[in-house]
Amino acid sequence: MMSAEGHAKRVFSGVQPTGNLHLGNYLGAVKRFVEMQDADWETVYCVVDLHAITVWQEPAALTQAIRELTAAFLACGLDPRRSIIFNQSQVSAHAELAWLFNCVARIGWLNRMTQFKEKAGKDREGASVGLYAYPCLMAADILAYRATHVPVGEDQKQHLELARDIATKFNQDFDAPDFFPLPEPLIEGAATRVMSLRDGTKKMSKSDPSDLSRINLTDDADTIAKKIRKAQTDPEPLPETVQGLADRPGADNLVGIYAALADTTKAAVVAQYAGQPFSAFKPALADLAVEKVAPIAGRMREWLADPAGIDAILADGAERADAIARPILREAYARVGLLRSRA
């Protein structure tokens with residue numbers, strides 16, 4: 001069975017336009033997106049607006065959120081000259097391939113997806129079909145480009161495994177062992193899972209009712225510094241080794257954030273600050289966070305002042321994305337046995 005090997009190296013990832021990005025999104029995803037632009041692979045980054053509507057969105061607010069997320073991508077350093085940046089709904093191959101995959105994937109596979117259970121909550125009967133089936137759309141997002149690598153957080157790893165299962169079954173069902181690659185996850189870095197500043201056992205989230213739980217990419221310098229000062233820690237000083245962070249979730253989270261912002265390791269941070277109290281460490285972390293994050297807000301404001309410029313970047317990216325996906329979709333239709341008269 002064809003793995004990612006044998007296909008041109010291509011990274012795909014997408015982010016939902018459901019509100020302003022926060023530090024966890026930046027360190028766990030967007031910062032890595034930017035770094036990958038300098039690697040020896042093609043990078044394709046998508047505003048996954050079709051995923052956003054698996055739950056109801058106010059239309060005008062969704063339009064604005066798509067532009068805001070694109071502005072955040074650009075402000076963080078994604079370069080439309082080096083990466084393909086577009087919104088999903090402008091490239092119909094995503095939806096078309098998702099239907100083929102709906103017919104390939106098995107109900108039992110989707111029933112095992114833990115995120116549906118978490119997002120639907122107790123009202124599973126009231127959830128949309130889209131929310132239930134969106135892992136098939138996620139597989140289509142990736143495989144429409146024959147992406148070989150996908151930067152994902154731990155909470156999305158199960159969905160990537162499903163994409164691999166779908167690719168495997170499609171290849172087997174239609175006697176095409178090399179057609180879709182089996183995409184590999186990219187999970188690395190010091191802070192792939194950034195936790196709440198108020199509770200180190202919970203993931204940083206824009207849905208947390210406390211704004212002090214997260215650093216938004218739109219926060220100014222004073223707000224960032226205040227949130228770091230109020231972040232959860234414990235009375236013990238920083239340990240001598242990384243192992244000393246075990247069972248200290250608040251401390252471990254702040255050390256991980258520092259390491260990711262400084263492009264170093266937790267071990268190096270602990271070695272530098274070993275034995276020091278958090279009253280000394282937090283100001284250093286605040287200064288670093290202000291240096292790295294605060295300028296993003298200003299650049300976002302500049303982009304949002306030019307919505308036509310954002311729309312032009314998305315349109316150009318969609319055209320480039322479609323040029324990759326369209327021939328792959330056309331061949332997938334032919335493999336299935338469907339007649340297709342148009343390009």
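Note that the structure is predicted; figures quoted are calculated from it, not measured.

Caption draft 1: Focus on the environment of threonine 264. Note on placement: threonine 264 falls in the loop between helix H10 (249-261) and helix H11 (266-273). Threonine 264 sits 63 residues away from proline 327 along the chain, and the two C-alpha atoms are 42 Å apart.

Caption draft 2: Examining the pairing of strand E3 (residues 84-87) more closely. Here E3 shows a buried face lined by Ile84 and Phe86 and a second buried face lined by Ile85 and Asn87. With four bridges connecting them, strand E2 (residues 42-47) and E3 associate as parallel partners. Paired with tyrosine 45 across the two strands is isoleucine 85, which belongs to E3.

Caption draft 3: View of the side chain of aspartate 219. Mapped onto the fold, aspartate 219 is located in the loop between strand E5 (184-186) and helix H9 (221-229). Engagement of the side chain of aspartate 219 in a polar contact is seen with the side chain of lysine 227, the distance being 2.7 Å. Setting aside anything within four residues of it in sequence, one finds aspartate 219 in contact with Arg214, Ile224, Lys227, Ala294 and Ala297.

Caption draft 4: Structural detail: the packing of aromatic side chains. Taken as a whole and assessed by the stated rule, the structure comprises 15 aromatic pairs. Plain terms: the ring middles of phenylalanine 170 and phenylalanine 179 are 5.7 Å apart, the flat faces sit at 25° to each other, and that makes the pair stacked. Of the residues examined, phenylalanine 179 reaches a relative accessible area of 3% and is grouped as buried. Taking 5.8 Å as the distance between ring centres and 90° as the angle between the ring planes, the aromatic pair formed by phenylalanine 278 and phenylalanine 281 counts as edge-to-face. Taken as a pair, phenylalanine 278 and phenylalanine 281 lie in helix H12 (residues 278-304) at a separation of three residues, close to a single helical turn. Just as phenylalanine 278 is buried, phenylalanine 281 falls in that class too. Feature note: the residues Phe101, Phe170, Phe174, Phe179 and Phe180 constitute an aromatic cluster, connected by ring pairs. Sitting over the face of the ring of phenylalanine 179, arginine 146 holds its NZ or CZ atom 4.5 Å from the ring centroid.

Reading the values: rules and limits
- Residues numbered from 1 in each chain as written.
- Predicted model: local features only at pLDDT ≥ 70, side-chain atom pairs only at ≥ 80, totals over all residues.
- Heavy atoms only, no water.
- Helix = DSSP H or I, 4+ residues; strand = E, 2+ residues; numbered from the N terminus.
- Buried < 20%, exposed > 50% of the residue type's maximum accessible area, 1.4 Å probe, protein only.
- Pairing = 2+ DSSP bridges.
- Polar contact = N/O pair within 3.5 Å; in protein donor to acceptor, adjacent residues only side chain to side chain.
- Contact = heavy atoms within 4.5 Å.
- Phe/Tyr/Trp six-rings, centres within 6.5 Å; stacked < 30°, edge-to-face > 60°.
- Lys NZ or Arg CZ within 6 Å of the ring centre and 35° of its normal.

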